[in-house]
Structure formats: structure tokens, C-alpha cells
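Each chain is listed here by its residues.
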Amino acid sequence: MPAFNGSVYAIAYRGNTVYVGGSFTSATWGRTTHTRRRLAAFDARTGALLAWNPGADRTVRALAVSGSAVYAAGDFGTISGLRRDNLARLDAGTGRPGAFQPTVAGTPHALWAGNGRLYVGGSFSAVNGSSRRNLAAFSLTSGGLDAGWRPSADGTVYTLTGYGTKVYAGGSFHKVNGVSGTLRAAALAGTGGAVDRTFLPKAPAQVNSLAVDGTGVYAATGGQGGRAIAWTTRGSVRWQRLFDGDATAVVRLNGVTFVGGHFDRACLTLTNGAQGTCAGGSLSRVKLAAVGSSGALTGWAPQANGVVGVRVLAVNRALGALGAGGDFTVVAGQSRKRYAAFR
């Protein structure tokens, strides 16, 4: 796989292609280093770097794929030298920016494409001059701002995902649409944005990442020691795992919950002390861990390095592949600069 000279914040799969975004400015494949300004693409099977090279002037924090489009969000003001205000649509083959040109008063942190819409979450107050408090949606067909989908979160939205007609949001907010119980996690109608009042889990700390499938909703949280939490679709806790540092990413693949973050140890109890130190025993799980269906740790422990470690995880179910991005440079004792793939 390519090696990057800066952080990887976002990963998205489209067939056999992996798209990544971050703060890097170059990618090395084989013995050759290529300019790749915060956006790059490569073959998921061989790792070969592709010619796709839009180039953003500042950090790309989120990616989403829909059809022949790759959507990017972050802090940037230009892509391929063209003005794009923190949000852009790129051709999946050429990387050329499309006509989609919204203006965002703030920073988007999360994207999810589904239900005919591109959903955006972050820390912003308006989109295209219309009031939108940290949540917004656009038509995937026309690119127009969805006038009917306008839920309001009172704090930053860091993650979005969806299942069926529902959109799940996580972050540091206390309420969505003023509804009590939507503390840091909420389920919203894909059309209209009404809060699903049957899912009110009240997350214990900032929700950095969410995953959802037919078995339930899964969260990676911060706090005094991060947590991986499995909720039912009605918001009840099925299981949770405590770590000695923030959990920043969570995905599901083949019935296993994979977790990434800043942690070095997985706690054997739900009790910890100062700076998140595990009380009651722990196992080494440096930046990466996997949890089985009952909440027990699996033996998967590739061990990544770094202080920040893993920022993002993504899966390609067709390939049975798991991708990890972040600030690490070594995984399982091998050089893996900011990106690693597992099968």
C-alpha cells in the first residue's frame, strides 16, 4: 500500500479503488514519491497508486462515494485550483471537481450518502446562506440544498452513518431538535430529519464514530478512557469495552466490531482511574482491537504505533477488506505509514 507523509483522516471504497483524504502532501508507492495534496486513490488489491490527483489546499476530513462521484469535506478552500468552500464533488475516475459548489459557514466533519441525499455533519451555522445548525443534506441528483431536511444539533457532529431510511449522528452535542435524550447520539428520519424517539442511548462521552447494521448500532467514544459500545436499535446497551485512551473509529465486518483509536490497553473491567488507566487488569491492544458478538475481545492485535494512532477505519465487504488510517508509521512490526490494510 502507499505510504503517506502526513495524517490520513478519511477512507472511502468504490469497488476495487480506495480513496483517502487527510493532511498529507505526498504518497510513496514502490520507490517513487508522488505529489498528492490531501487526496489520493489506489488499487485496494495491489496497493498501486492511481493517477487520481485532485489536490486540496487544506485538510480533507471526510469522504463519501455515490455512483461516479466522490464527495470530500474538510477545511479546504480550493480543489484542483478551483474554489470549493469546504465541500466538493469529484469525478471518481478523473478527479475533476463537479459543478456542486455549496458555501458552508463553518467546518464539515462527516458525510454519508444514501436515500438520494448527501448528508453533512460538522460545526457550521449556515449552508448556501440558509440557517443549518451542524446538520444539512443535499440532493445527490441536483446538488441542491434539501429544504425539508433540517434537524438542528446544539454541538458538533463528528460522525454520520445510515441504515435503511434512518440517519445516525454522533458528536459532542447535547440535543438534536431540542429533544432530551439525544445526548451525543441520535437517529433521524432520512426525509424530514425528525428524531427517532425510540433510540435515545445517552452516550457517556463524545461520540467519534458510528457503525450500524442489522444487529444494532456501534459507537466509538472518548472520555476518561474511550469506549466501544454496542446498542440495540432501541438504544439499550448490549455490551461495552473500555480502553485506556479514546476510541476514534468503529466498523463492522463479518460479525466482528473493529475499533481504532489512541489507546494502548483494553481494560478487562469497566473501571478505570486517572488518565484512563485500566483498573482490574488489561490486555495490550495498541491503537487497534476487535470485539466479538458477545462483547469479548478477540485475539486480533496487530499493534500500531504513535500517540494519535488510528483516526479512521473503513471496510469493503465485497473484498473482505479493512482499511485503517491515521498517524501511525508501523503496524504489526512492519512499515505502514499512515495507512494499513487487513484481510
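Overview of the structure.

## A word on unusual backbone geometry
One non-glycine residue with positive phi stands out, namely Arg184, at about 70 degrees. Within the secondary structure, Arg184 sits in the loop between strand E17 (166-171) and strand E18 (185-189). A relative accessible area of 19% places Arg184 in the buried class. In the Ramachandran plot, Gln303 falls in the positive-phi region, its phi being about 65 degrees despite a non-glycine side chain. Among the structural elements, Gln303 can be located in the loop between strand E27 (288-291) and strand E28 (310-316).

## Side note on the nonpolar core
Judged by nonpolar contacts, the single largest core of 17 residues is most densely connected at Tyr119, Leu135, Val157, Leu160, Val176 and Leu188. Leu188 has contacts with Leu135, Trp149, Pro151, Thr165, Lys166, Val167, Val176, Gly193, Ala194 and Val195, leaving out every residue within four places of it along the chain.

## Some details on the side chain of Thr156
Assignment of secondary structure puts Thr156 in the loop between strand E15 (135-139) and strand E16 (157-163). Once you skip the residues sitting within four places of it in the chain, Thr156 turns out to touch His109, Gly122, Ser123, Asn134, Gly170, Gly171, Ser172 and Phe173.

## A word on the pattern of salt bridges
As enumerated under the stated definition, the model contains eight salt bridges in all. Here Arg61 and Asp75 are joined by a salt bridge, their closest N and O atoms 2.8 Å apart. Taken as a pair, Arg61 in strand E7 (residues 60-66) and Asp75 in the loop between strand E8 (69-74) and strand E9 (78-79) lie far apart in primary sequence, 14 residues in all. The class of Arg61 is partly exposed, set by a relative accessible area of 25%. Across the salt bridge formed by Asp213 and Arg252, the nearest N and O atoms sit 3.0 Å from each other. Of the two residues, Asp213 is situated in strand E19 (residues 207-213) and Arg252 in strand E23 (residues 247-253); the sequence distance between them amounts to 39 residues. The exposure classification of Asp213 matches that of Arg252, with both residues buried.

## Description of the packing of aromatic side chains
One pass over the full model with this rule turns up 14 aromatic pairs. Ring geometry for Tyr19 against Trp52: centres 4.8 Å apart, planes inclined by 75 degrees, an arrangement best described as edge-to-face. Of the two residues, Tyr19 sits in strand E3 (residues 17-22) while Trp52 sits in the loop between strand E6 (39-43) and E7, which places them 33 residues apart along the sequence. You can call Tyr19 buried: its relative accessible area is 1%. What makes Trp52 buried here is its relative accessible area of 4%. When the ring of Tyr71 is compared with that of Phe100, the centres are 5.8 Å apart and the planes differ by 90 degrees; the resulting orientation is edge-to-face.

Conventions we followed
In this convention, every chain numbers its residues from 1, walking through the sequence in written order. Residues qualify for local features only when their pLDDT is at least 70, as the model is predicted, and side-chain atom pairs are given and counted only at 80 or more; totals for whole chains, interfaces and linings, by contrast, use all residues. The side-chain figures draw on all heavy atoms in the structure; neither hydrogens nor water molecules are used. Secondary structure elements follow DSSP: runs of H or I no shorter than four residues count as helices, runs of E no shorter than two count as strands, and numbering proceeds from the N terminus. Each residue is assigned to one of three classes by its accessible area relative to the maximum for its type, calculated with a 1.4 Å probe on protein chains only: buried under 20%, partly exposed between the two thresholds, exposed over 50%. In this text, buried Ala, Val, Leu, Ile, Met, Phe, Trp, Tyr and Cys residues form a nonpolar core when linked through side-chain atoms within 4.5 Å. For this analysis, residues touch if any pair of their heavy atoms sits within 4.5 Å. Put simply, a salt bridge is a Lys or Arg side-chain nitrogen that is within 4 Å of an Asp or Glu carboxyl oxygen. Aromatic pairing here means that ring centres of Phe, Tyr or Trp (its six-membered ring) are within 6.5 Å. Orientation follows from the plane angle: under 30 degrees is stacked, over 60 is edge-to-face, and everything else is tilted.

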